[in-house]
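What the coordinates show
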Amino acid sequence: MATHQLGPLEAVIAGLTLHWSSGGTEGAVTRVKKIKRQLYGRAGFELLRKMILLQ
């Protein structure tokens, strides 16, 4: 359970002022989703794992 939750205004201010970004993580997730779409119905987990590690 969260001990402190930001209000809407505080969340917007934090988003605009903090030097933190989830861009790298979002890019990795997008890449994995693209690979999963390409391999859908064709391969198992092992091939998916290899494709992710090779790219």
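Anyway, here's the lowdown on the structure attached to this text.

Each value, and the rule that gives it
- Residues numbered from 1 in each chain as written.
- Predicted model: local features only at pLDDT ≥ 70, side-chain atom pairs only at ≥ 80, totals over all residues.
- Heavy atoms only, no water.
- Helix = DSSP H or I, 4+ residues; strand = E, 2+ residues; numbered from the N terminus.
- Rg over C-alpha atoms; globule rule 2.2 N^0.38 Å.
- Buried < 20%, exposed > 50% of the residue type's maximum accessible area, 1.4 Å probe, protein only.
- Areas by Shrake-Rupley, 256 points an atom, 1.4 Å probe, with all protein chains shown as cover.
- Axes fitted to C-alpha atoms, helices over the stretch in contact; angles between N-to-C directions.
- Parallel < 35°, antiparallel > 145°, perpendicular 65-115°, else oblique.
- Left-handed = near helix turned anticlockwise from the far one by under 90°.
- Contact = heavy atoms within 4.5 Å.
- Patch = residues over 30% accessible without salt bridge, like charges linked within 9 Å, V, L, I, M, F, W, Y side chains within 5 Å.
- Salt bridge = Lys/Arg side-chain N within 4 Å of Asp/Glu carboxyl O.
- Lys, Arg positive; Asp, Glu negative; His and termini not counted.
- Charge placed at Lys NZ, Arg CZ, Asp CG, Glu CD.

**Some thoughts on the overall build of the chain**
Within the chain one finds 3 helices and 0 strands. What you see in the chain, going N to C, is helices and strands ordered as α-α-α. Whereas a compact globule of 55 residues would reach a radius of gyration of roughly 10 Å, the chain reaches 18 Å, over 25% beyond that. With 55 residues in all, the chain has 7% of them scored as buried. Of the roughly 5,200 Å² that the chain leaves accessible, carbon and sulfur atoms contribute 62%.

**Let's talk about the packing of helix α2 (residues 23-39) against helix α3 (residues 45-54)**
Angle between the axes and distance between the axes are the two parameters that describe a pair of packed helices. Here α2 crosses α3 at 135°, and the two axes come no closer than 10 Å. The angle between the axes of α2 and α3 places the two elements in the oblique class. α2 and α3 meet at a crossing whose hand is right-handed. When α2 is examined against α3, the residues Arg31, Val32, Ile35, Lys36 and Leu39 are found in contact with a partner set consisting of Leu47, Leu48, Met51 and Ile52.

**As for the environment of Gly7**
Inspection of the secondary structure assignment puts Gly7 in the segment before α1 (8-17). On the accessibility criterion, Gly7 (21% relative accessible area) is partly exposed. Taking the C-alpha atoms as reference, Gly7 lies 40 Å from Gln38; in sequence the two are 31 residues apart.

**Quick notes on a positive patch on the surface**
Together, Lys33, Lys34, Lys36 and Arg37 give the surface a local cluster of positive charge. Turning to its location among the elements, Lys36 is positioned in helix α2. In this structure Lys36 comes out as partly exposed when scored by relative accessible area, which is 47%.

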